[in-house]
Amino acid sequence: MKKTTRNILVKACGTLLALLICIGLYAQQAVTGTIRSVNGEPLGGATVKVKGTQKSVIADASGNFTIDAAIGSFLVVSYVGYQDLEIKVTGAPLSLSLVNAIAVADEVVVIGYQTVRKRDLTGAVSVIDPGTANKNTSNSVAESIQGLSPGVTVRNTGQPGAGAKIDIRGAGTFANNNPLYIIDGMYSDATPDFNPADIETIQILKDASAAAIYGSRAANGVIIITTKKGKKGPPVFSGSIKAGIQAVHNRYDMMNAQEYRALSTQLHEAGGLPVPTSISSEFDPSINTDWQDEFLRSGAIGDYNLSASGSVKKLNYFISANHFSNKGPVIDNSFSRTGFRINTSLRHGRFNFGENVLFSWTKEDPIASSGVGVNPFVDMISMPPVVGLKGSRYESPENPEGWGIGLNNAYLNTLTANVPALQRLDQFEQRNFKIRGNAFVEFTIADGFFYKFNFGIEKTMDRGDGIRMPGTVRQGTPSPNNNEIGRFRSRGEFQSTLLEHTLNYDKVIGDHRIGAVAGVSMQRFDHPVDRISQIASNPEVLDRYKEISNFIGYLGRVNYSYQDKYLTSLTFRRDGSSKFSNNNRWGNFPSASVAWRISKEKFWNVDAVNDLKIRASYGSLGNAEFLNAWMYYAVINPFPRAVFGPNSTEQIGAIVTQLANTDLRWERKNTTNLGIEASFLNNALSFSADYFIAKTKDVLVDLPINLTTGNAGGNPAVNAASIQNKGFELALTYRSKKTGDFKWDATLNFTRIRNKVLEFGNESTKYTQIGDARTELGRSIGEWYVLKTDGIFQSQADVDAHRGKTGELLQPWARPGDIRYVDVDDDGTLDLDKDRHYAGSPWADWETGLIVNAQYKQFSFSMQWYAVVGNQLYNRPRYTVDRMDLNTNFRKGANFWTPENQSNEWPRAAIGAPDQGIQYNVLPQSDRWLENGSYLRLRNIEVAYNFSPANMQRIGFKSASVFLSGQNLLTITKYTGLDPDIVGVNIFERGLDNGQYPALRMVSAGLRFTY
């Protein structure tokens, strides 16, 4: 018994000891491994955590790690921008690959002569998804990115072949605010000849730290575009087909012939004028012309793309062809583009050769309006409906086809034209051929150290041909060439040549990551132009000139990162330009930025926040886009004649007509930027915010000088003004984890920018006023400065009660039904200049964009919203037709005030009445014509069905999808014009709707495929 008990105890102890040994071994197992991206990049700084414990380690710069974990336990591996990975411990070494949680383009960012990881950025850079941008059918890249990035304001036009207006972080100059485009390393412009479907990545450099590498040309921001490249592997063919219809989404509701006849009769009678016979005894009820219907039509678009990419031995290639056609919604108005691209690269030993080249052909049939003073989108609503499109009654030797212009007793307004007639009579076609691209060679000097030579060229040839058929488009004295047959030709060329040499260094040494670039950039511009015209009664006229200018820049930048926690970037560029005189030819443009990734610090222990980085930058950028070549030389007229001597001999002389400013220099923009970036909830939610202050000094203005100085041809330009822009930007992105067959993501951006004029450069100049917009010191550019109205007098008692502080009647000429104006300066009198006030700004209080994507099984859905809030627009077309003192058509429902028909909307009116009250009712400098320009627009919506890859592979396709999309389908606004999204007239009249081509509503369907 004792022996048995002893044996049991011995066995039990042995078992217990073995168990304890196993437990000890189990607890002390050292697990080693390496963490890389799917592309093989070591993910130094990745976190490895034992699930259910607080035990964690950080991978070193090579992605290696060691952690104690029990066999059978689970490790959770996480890294910023990548999906978390959970893996079971088996005791064997681990080789782990993490998959990007977001697009590769959002991870590697092109910042000019270098690429960096997005998490290493210290400047303000927006990355645009080309796939999202290309869902919009657009004339240009700028138009396609509206609402996709904070701090980037895009104003569109629906005109075929026209470009959008784009401002990056406000208006920093009174001249051209267009950003600089860099396409595959070539300084260029993403004009409508460029195919957006060829784009691989789009980066927008917004602050000085990001853009200073481009120095003197980066003050308006930089958009870097990289086109698609071939990848190693077998050929891959991709294509897309899109076709759709488009139309002006809104129209004015104008009176028909009967309604016009009734109101026009009353207005003539109220003005004491005889009623025209065309709306009385000779009224023809069969004529009821809807001029909008005659001018507008249903448009159509077609977009066809085909590309091939792959590799042959060491040669990678991408080849694409594209044809885009846009039959606009205006008769005889169209645009087409055909493009062919070849991108190749070849690596051999230490050398890498490559080129990116685009050949494009465009053809445009524009709206005819130049030379005859026509405003088509105003004239199409102001032309009376009692005038026919054509008719024998209008025929004459000058108007052989009988285009409707009215008769003297029917239509007395000589300011309105028959715009359909003009479209038919004035035929002009503009053709363009362009070669744009670059070729490069790289030589690897040592690991991480290489030299690159880049040669870029852009060659453009323009040809314009037109004919003016005989015919008259309006009454009164014809405008030049209004009814003369003639032929017109224009010939233009442009060439830009770029040569660049750069040295790049990129190395990871332990905890240190260093990237540097230094180089020189040289660019030459040649712009010869010939303009030729041939009119029947005049000889051929030839106008020929040529502009040549040169740029040279020395550049350098160093990026440094320590443990991914402390980051800095230093940039310097020195530029010279032949556009300046010798004294001011060179400019220096430095910048510096720092960032601190707080989430990498040991004290940081907030599990909900995966990444947190703050950054700051300051730098200087330049602008010389306002200058033409040789502006620092005086303008001389070589044709004066004088008679001297006893023989009265004629002598040829010369005279200065415009003085020169030899002290012209760069506009300089100094920018301070503070930013924060964070990600939460296992990187499902990302956040970034920026606050910036940008001050542009030496802004070009035209200050008046006395004629006694000898200046008679316009004021020479002077660098004298100063403009400040302040702004706040916010971007939020949420990416849901896939739940079953459903996943979705959403991105919201928000922008608020304020500009202010700090100086005009002349103490006596406090403001400049163009039209009804004033730009004043201490205020924003182009604010509306108009008379303030206060309703309509409804009785004589109202008129008598409207007095100034002195007791005098403010509007003694007024009668019931007239508009009441406010004595703004309270001096007791109403003055048309002194009693103006600031009635609103063309600049929005804020803008926002929202993008939502969703996928369920094989269906995908996306939509994009865009909103502009708080701006005021001047509705010039409404001013034209609502005045009711001209013989134009009128908006439906319009009726002037009478004692029997009192109104607070429509004042007293008449045609031809010499009545001061009525004249004051139609003053253009009145807040009556200002409207709220806020709007919310469904910019794009798309539904697609993605065919099963397995089914597609059976017929040789890798993937295929069909889609249906709508563009600008819904616009919520109080603005009564055709479209609140207007480009404006100039920087000083940014909010003026002068009858501009509206953005278009579009419905399209198509197919995308890869095989």
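Residues numbered from 1 in each chain as written. Predicted model: local features only at pLDDT ≥ 70, side-chain atom pairs only at ≥ 80, totals over all residues. Heavy atoms only, no water.

Scanning the protein chain for helices and strands turns up 12 helices and 51 strands. Restricting to contacts in the protein chain with at least 6 residues of sequence separation, those with at least 24 account for 69%. Approximately 44400 Å² of the protein chain is accessible, and the part contributed by carbon and sulfur atoms is 57%. (Helix = DSSP H or I, 4+ residues; strand = E, 2+ residues; numbered from the N terminus. Contact = heavy atoms within 4.5 Å. Areas by Shrake-Rupley, 256 points an atom, 1.4 Å probe, with all protein chains shown as cover.)

Quick look at the pattern of salt bridges now. Under the defined criterion, the tally for this structure stands at 47 salt bridges. Notably, a salt bridge pairs Arg878 with Glu931, separated by 2.7 Å at the nearest N-O pair. On the criterion of sequence distance, the pair formed by Arg878 in helix H10 (residues 876-882) and Glu931 in strand S47 (residues 930-932) is long-range, its members being 53 residues apart. What makes Arg878 buried here is its relative accessible area of 10%. Each of Arg117, Arg119, Asp120, Arg513 and Asp564 takes part in one network of salt bridges that share partners. (Salt bridge = Lys/Arg side-chain N within 4 Å of Asp/Glu carboxyl O. Buried < 20%, exposed > 50% of the residue type's maximum accessible area, 1.4 Å probe, protein only.)

Across all of its chains, the model carries 33 aromatic pairs by this definition. Summarising the aromatic geometry, the rings of Phe174 and Phe988 are spaced 5.1 Å apart at their centres and angled 40° between planes, so their arrangement reads as tilted. Taken together, the residues span a long stretch of sequence, with Phe174 in the loop between strand S12 (165-168) and strand S13 (180-183) and Phe988 in the loop between strand S49 (959-973) and strand S50 (992-993) at a distance of 814 residues. Of the residues examined, Phe174 reaches a relative accessible area of 10% and is grouped as buried. We classify Phe988 as buried; its relative accessible area is 15%. (Phe/Tyr/Trp six-rings, centres within 6.5 Å; stacked < 30°, edge-to-face > 60°.)

In this model, Arg169 sits at a positive phi of 60°, which is unusual for a non-glycine residue. According to the relative accessible area criterion, Arg169 is buried, its value standing at 2%. With phi around 50°, Leu681 is a residue other than glycine that occupies positive phi space. Among the structural elements, Leu681 can be located in the loop between strand S34 (667-680) and strand S35 (685-702).

A word on the confidence of the model for the protein chain. Model confidence for the protein chain is summarised by a mean pLDDT of 87, while 90% of its residues fall at 70 or above. Every residue in residues 1-6 is under pLDDT 50, and counting partners more than four places away or in other chains gives zero contacts. (pLDDT = per-residue confidence, 0-100.)

This part covers the nonpolar core. Ranked by size, the top nonpolar core spans 26 residues in total, and within it Leu205, Tyr214 and Val222 carry the most contacts. Every element with two or more residues in this core is listed here: strand S8 (108-110), S13, strand S14 (186-188), helix H4 (208-211) and strand S16 (222-227). Looking at this core, the element that brings in the most residues is H4, giving three residues. Aside from chain neighbours lying at most four places away, what touches Leu205 is Val110, Ile111, Ala124, Val125, Ala210, Ala211, Tyr214, Gly221, Val222 and Ile224. (Core = buried A, V, L, I, M, F, W, Y, C linked by side-chain atoms within 4.5 Å.)

If you walk across this open sheet you meet the three strands as S4-S1-S7, and the pairing is mixed. Each edge of the open sheet is held by one strand with a lone partner, namely strand S4 (64-68) and strand S7 (94-98). Strand-to-strand twist in this sheet, taken as the mean axis angle between neighbours without regard to direction, amounts to 30°. For strand S1 (residues 30-37) and S7, the ladder comprises five bridges, and the chain directions are parallel. Residue pairing for S7: Thr34 is matched across the bridge by Ser95. (Pairing = 2+ DSSP bridges. Axes fitted to C-alpha atoms, helices over the stretch in contact; angles between N-to-C directions.)

All right, on to a nonpolar patch on the surface then. Nonpolar side chains collect at one region of the surface, where Ile245, Leu936, Leu964, Leu969, Leu970, Ile972 and Val1003 lie side by side and expose about 580 Å² of accessible area between them. Positionally, Leu969 belongs in strand S49. Accessibility expressed as a relative area gives 32% for Leu969, which makes it partly exposed. (Patch = residues over 30% accessible without salt bridge, like charges linked within 9 Å, V, L, I, M, F, W, Y side chains within 5 Å.)

On the basis of which strands lie adjacent, the open sheet formed by three strands has the order S47-S46-S50 and mixed pairing. Looking at the sheet topology across the chains shown, the edges are occupied by S47 and S50. Relative to S50, strand S46 (residues 872-875) runs parallel, the two sharing two bridges. Bridging across to S50, Asn875 finds its partner in Asp993.

Okay, a positive patch on the surface next. There is a patch of like positive charges on the surface, built from Lys695, Lys697, Lys726 and Lys756. Locating Lys695 in the fold gives a position in strand S35. (Lys, Arg positive; Asp, Glu negative; His and termini not counted. Charge placed at Lys NZ, Arg CZ, Asp CG, Glu CD.)

Since the α-helix packs 3.6 residues into each turn, any two residues three or four apart lie on the same face. Along its 14 residues, helix H5 (residues 257-270) runs 20 Å from first to last C-alpha, staying within 8% of the 20 Å computed at 1.5 Å per residue. Following H5 by one or two positions, Gly272 adopts a phi angle in the positive range, close to 75°. (Expected span 1.5 Å × (residues − 1).)

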